[in-house]
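Fold and contact review
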Amino acid sequence: MTVVDALSESNQFPVWVEGNAEINAKRESLSGDKSVDVTIVGGGFSGLWTAYYLLRNSSTLRVLIIEKQYCGFGASGRNGGWCKGSVAGSLNRYAKYSSPELVNKLQRAMFDAVDEVGNVVMEEDINCGFKKSGVVRLARNKPQSHRQFDEVKRARSMGLEPGIIDLLGKDEARTMLNATDIESAIFFSPAATLNPLRLVRGLASAVEKLGGQIAEATEVTEIKGTRITTTHGSVDSETVVLATEAYTKNLKGMRRDYIPAYSRMIATEPLSKHLLDEMKLSKGIAFSDDRYSVIYGTLTEDNRVAFGGRGTPIYQFGSRISPDAESDKKSHLNVYRTLVDFFPQLEGAVVTHRWGGVLAIPRNWLPGLRFDNETRTGVLGGYVGSGVASANLAGRTMADLILNRKTSRTLLPWVGNRSKKWELEPLRSIGVLSSGSILKFADSYETKTGRTAKTANLVAKLIRGS
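Every residue gets a number counted from 1 within its own chain, in the order that chain's sequence is written. Owing to the predicted nature of the model, reporting of local features is limited to residues with pLDDT of at least 70; listing and counting of side-chain atom pairs is limited to 80 or more, with chain, interface and lining totals taken over all residues. Based on all heavy atoms of the structure, the side-chain values leave hydrogens and waters out of the count.

1. Here we look at the state of the cysteines
Note the following rule: Cysteine sulfurs are considered disulfide-paired once they come within 2.5 Å of each other.
Counted by the stated rule, this structure contains zero disulfides. Here Cys 71 stays free of any disulfide, with the sulfur of Cys 128 as its closest cysteine sulfur at 15 Å. The thiol sulfur of Cys 128 is not disulfide-bonded, and the nearest other cysteine sulfur, from Cys 83, lies at 8.9 Å.

Structure below.
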């Protein structure tokens, strides 16, 4: 079977949709004008967690979520199924805005967020396959291995003890994942895997049980202060929260707040126990390696490998979001080749699903949230692809801010974070695409030569502020 043949019969929608009949039953649109206490724009993890904790802490609040498509349409329902207790962006950069002590508290809060998601899944009886087994990140050449050594050394200096993050030797790593060219690995324990779409839909139902309202298939056309105009009526609120992630670019005056960056995924046919044993791949373990161009994978509940990467193009001129780019076959072929390079045992395996989506990247690469108590408006997001656990912590924190509750969460250094806007075109495209090309070349260079690509290493540090 050729590489092209492996993708020829693929469904062009996320594997997470399988068996989820509720996805076809959209909630009703907004029905005329309304007046509520809190309106949240966006029915993904950020908006749903904010609503959930608002209602848990103040059951009399009138909370409305407005979603253009359906809950989980965006990144929340299309991601790789990781719930990892780490915040994207550089901890060093957060430290510049606060202190090492507060950065350490942010890290610990992210660890706890994974457990909090698991607790809510249990309490609300959400069937999403939540399993906390950690993530294995391989080093598959010498430069990657050197970076891992330095990373764990820094982690120890910051007080992260063994059992949270550990450096594994080649032989130990191979017992956890039988991939090619292993030099070392990092095992990071505060991480779980799950079906993200089922979590979204279960969380939406939990919000409704608590008294929240959700209007799907309703597009917001204008926001003036706390008055929102939609295609199905207007809403007057005391408080408005924007939880629109990459789709923020559709809102007036916010086109350059985030870059919508593409990521693509594939899922294989269900694999035999013999093959999984050979790969040493078990349910609940997330896996990746330490290349600059991010890849990520996991084993689904029905024994498929779900695997993704940024692909090409990673960005479209003018921050466009296009269904054609999300299903770009060339990108999916590249993702498949990368998977087979990682696990040669999968050569010839049929790809049953392929899909794509966009994630939000702020100019400073730092996720965050802010709330203005005078204007009663808030915004959260920009998770750079690490939003499943981050959105939980951000949503809990946004609820605290709205309710004027001073908690340990409201003191964390990502609260109040405001990034400057991305450059105008064509500078935006030139910068994003050229840096992406440099990092892609660097991965190839390091694999072929075994030497660190110093320019790419510098570019990566400049981008992430590390």
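2. Observations concerning the packing of helix H4 (residues 100-123) against helix H11 (residues 387-402)
Just so we agree on the cut-off: Helix axes are fitted only over the stretch in contact, all axes being lines through C-alpha atoms; the angle between N-to-C directions runs from 0 to 180 degrees. Helical segments are the DSSP runs of H or I of at least four residues, strand segments are the runs of E of at least two, and each set is numbered from the N terminus. Comment on the angle field: the value is read as roughly parallel under 35 degrees, roughly antiparallel over 145, roughly perpendicular from 65 to 115, and oblique elsewhere. What makes two residues a contact is simply this: any of their non-hydrogen atoms within 4.5 Å. Here the nonpolar group is Ala, Val, Leu, Ile, Met, Phe, Trp, Tyr, Cys and Pro; Asp, Glu, Lys and Arg are the charged ones; every other residue, Gly included, is treated as polar.
Where H4 meets H11, the closest approach of the two axes is 8 Å, and the angle between their N-to-C directions is 100°. Classified by the interaxial angle, the pair formed by H4 and H11 is roughly perpendicular. Within the contact between the two elements, H4 uses Leu 106, Ala 109, Met 110, Ala 113, Val 114, Glu 116 and Val 117 and H11 uses Ala 389, Ser 390, Asn 392, Leu 393 and Arg 396. When the residues that make up the contact of H4 with H11 are grouped by side-chain class, the tally is eight nonpolar, two polar and two charged.

3. Examining the side chain of Ser 237
Going by this rule: Using a 1.4 Å probe on the protein chains alone, a residue whose accessible area is under 20% of its type maximum counts as buried, one over 50% counts as exposed, and one in between counts as partly exposed.
Relative to the assigned elements, Ser 237 resides in strand E11 (residues 233-242). For Ser 237, a relative accessible area of 10% puts it in the buried group. For Ser 237, the residues in contact, after removing those within four places along its chain, are Val 36, Asp 37, Val 38, Thr 39 and Thr 226.

4. Description of the packing of aromatic side chains
Let me state the cut-off plainly: What counts as a ring pair is set by centres within 6.5 Å for rings of Phe, Tyr and Trp (its six-membered ring), and what kind of pair is set by the plane angle: stacked under 30 degrees, edge-to-face over 60, tilted for all other angles. Placement of a positive charge over a ring is assigned whenever Lys NZ or Arg CZ falls within 6 Å of the ring centre and within 35 degrees of the normal to the ring plane.
Per the counting criterion, the structure on display carries eleven aromatic pairs. Aromatic pair Trp 49 and Tyr 53: ring centres 5.7 Å apart, planes at 20°, arrangement stacked. With Trp 49 and Tyr 53 both in helix H2 (residues 45-57) and four residues apart, the pair spans about one turn of that helix. Grouping residues by exposure puts Trp 49 and Tyr 53 together as buried. On the basis of an interplanar angle of 90° and a centroid distance of 5.6 Å, the ring pair of Tyr 70 and Phe 73 is categorised as edge-to-face. Given the relative accessible area of 23%, Phe 73 is considered partly exposed. Put simply, the rings of Phe 287, Phe 307, Phe 342 and Phe 343 pair up and form one aromatic cluster. When the ring centre of Phe 73 is taken as reference, the NZ or CZ atom of Arg 78 above it lies at 4.6 Å.

5. Here we look at the nonpolar core
The line we're drawing: In these notes, a set of buried Ala, Val, Leu, Ile, Met, Phe, Trp, Tyr and Cys residues joined through side-chain atoms within 4.5 Å is what counts as a nonpolar core.
Of all hydrophobic cores here, the largest spans 56 residues; its most connected members are Leu 48, Trp 49 and Trp 414. Mapped onto this core, the elements with two or more residues apiece are strand E1 (34-41), H2, strand E2 (63-66), helix H3 (91-97), H4, helix H7 (196-209), strand E17 (368-372) and H11. If sequence neighbours within four positions are ignored, Trp 49 has contacts with Val 117, Val 120, Leu 203, Val 388, Ala 391, Asn 392 and Gly 395. In terms of nonpolar packing, the next biggest core, distinct from the first, is built from 33 residues, Ala 173, Ala 179, Tyr 336 and Leu 339 among them.

6. Here's the deal with H7
Just so we agree on the cut-off: The span you would expect from a helix comes to 1.5 Å times its residue count less one. The term polar contact refers here to a pair of N or O atoms within 3.5 Å; inside protein, the definition further demands a hydrogen-donor-capable atom paired with an acceptor-capable atom, and it admits residues adjacent in sequence only when both atoms are side-chain atoms.
Helix length check: H7 (14 residues) gives 20 Å between terminal C-alpha atoms against 20 Å at 1.5 Å per residue, within 8%. In terms of burial, H7 is a largely internal element, ten of the 14 residues being buried. Of the positions making up H7, those classed as buried are Pro 196, Leu 197, Leu 199, Val 200, Arg 201, Gly 202, Leu 203, Ala 204, Ala 206 and Val 207. Here H7 starts with a cap whose side-chain oxygen sits 3.1 Å from the backbone nitrogen of Leu 197, and that cap is Asn 195.

7. Observations regarding the layout of surface pockets
Threshold: The definitions used throughout rest on a 1 Å grid laid over the protein atoms alone, on which a cavity is an enclosed set of points accommodating a 1.4 Å probe that cannot get out and a pocket is an open set flanked by protein within 12 Å on both sides along at least five of seven lines; lining residues are those having an atom within 4 Å of a point. Grid points are joined across faces, edges and corners, and a volume is the space filled by probe spheres set on the points.
Estimates place the volume of the second largest pocket at around 500 Å³. Contributing to the lining of the second largest pocket are 26 residues, with Met 254, Asp 257, Arg 370, Val 379 and Arg 418 lying nearest its centre. The set of elements that each furnish at least two residues to the lining of the second largest pocket consists of E11, E17 and strand E18 (377-381). Residue contributions to the lining of the second largest pocket peak at five residues, all from E18.

8. Regarding the pattern of salt bridges
Side-chain pairs of opposite charge can arise where the charged atoms are in close proximity. Note the following rule: Counted as salt bridges are all cases of a side-chain nitrogen of Lys or Arg within 4 Å of a carboxyl oxygen of Asp or Glu.
Applying the stated criterion to the full structure yields 26 salt bridges. Among the ionic pairs, Glu 425 bridges to Arg 428, the shortest N-O distance being 3.7 Å. Under the relative-accessibility criterion, Arg 428 is labelled buried at 4%. Within this structure, Arg 27, Arg 201, Glu 208 and Glu 216 form a network of salt bridges that share partners.

9. Points about the sheet that holds strand E15 (residues 305-309)
Our working definition: Paired strands, as defined in this entry, are two strands with at least two bridges between them according to DSSP.
Read from one edge to the other, the open sheet built from eight strands follows the order E5-E6-E4-E13-E14-E15-E12-E16, with strand pairing classed as mixed. The open sheet has two free edges, formed respectively by strand E5 (165-168) and strand E16 (351-362), since each of these has just one partner strand. For this sheet, the mean angle separating the axes of adjacent strands, direction not counted, is 20°. Here strand E4 (residues 135-139) pairs with strand E13 (residues 286-289) via four bridges, running parallel. In the sheet register, Leu 138 faces E13, and the bridge partner there is Asp 289. Across the sheet, helix H10 (residues 329-342) is in contact with E4, strand E12 (258-268), E13, strand E14 (295-299), E15 and E16; its angle to E12 comes to roughly 60°.

10. Concerning the pairing of E13
Side chains of E13 alternate between two faces, with Ala 286 and Ser 288 and Phe 287 and Asp 289 buried alike. Both E13 and E14 contribute to a ladder of two bridges, which runs antiparallel. Counted as the bridge partner of Phe 287 is Gly 297 from E14. Following E13, the chain reverses through five residues before pairing antiparallel with E14.

11. Overview of helix H5 (residues 142-157)
Compared with an ideal rise of 1.5 Å per residue, which puts 16 residues at 22 Å, H5 spans 23 Å between its outermost C-alpha atoms and is within 8% of the ideal. Regarding H5, the residues found buried are Pro 143, Gln 144, Ser 145, Gln 148, Val 152 and Ala 155. Considering only its buried residues, H5 is in contact with E4, E5, strand E6 (184-188), E13 and helix H12 (427-449). The N-terminus of H5 is capped by Asn 141, whose side-chain oxygen sits 2.9 Å from the backbone nitrogen of Gln 144. A positive backbone phi angle near 95° is found at Gly 159, which sits one or two residues after H5.

12. Comments concerning the pairing of strand E10 (residues 227-230)
Here E10 shows one buried face, formed by Ile 228 and Thr 230, and one open face, formed by Arg 227 and Thr 229. Here four bridges tie strand E9 (residues 220-224) to E10, and the two strands are oriented antiparallel to one another. Its bridge partner lying in E10, Ile 223 is registered against Ile 228. The antiparallel hairpin formed by E9 and E10 contains two residues in its connecting segment, where Gly 225 sits at a positive phi of about 65°. In the sheet, E10 pairs with E11 via four bridges, with the strands oriented antiparallel. Each bridged residue has a counterpart across the sheet, and for Thr 230 the counterpart in E11 is Gly 233. Remark: two residues form the turn of the hairpin made by E10 and E11, two consecutive strands paired antiparallel.

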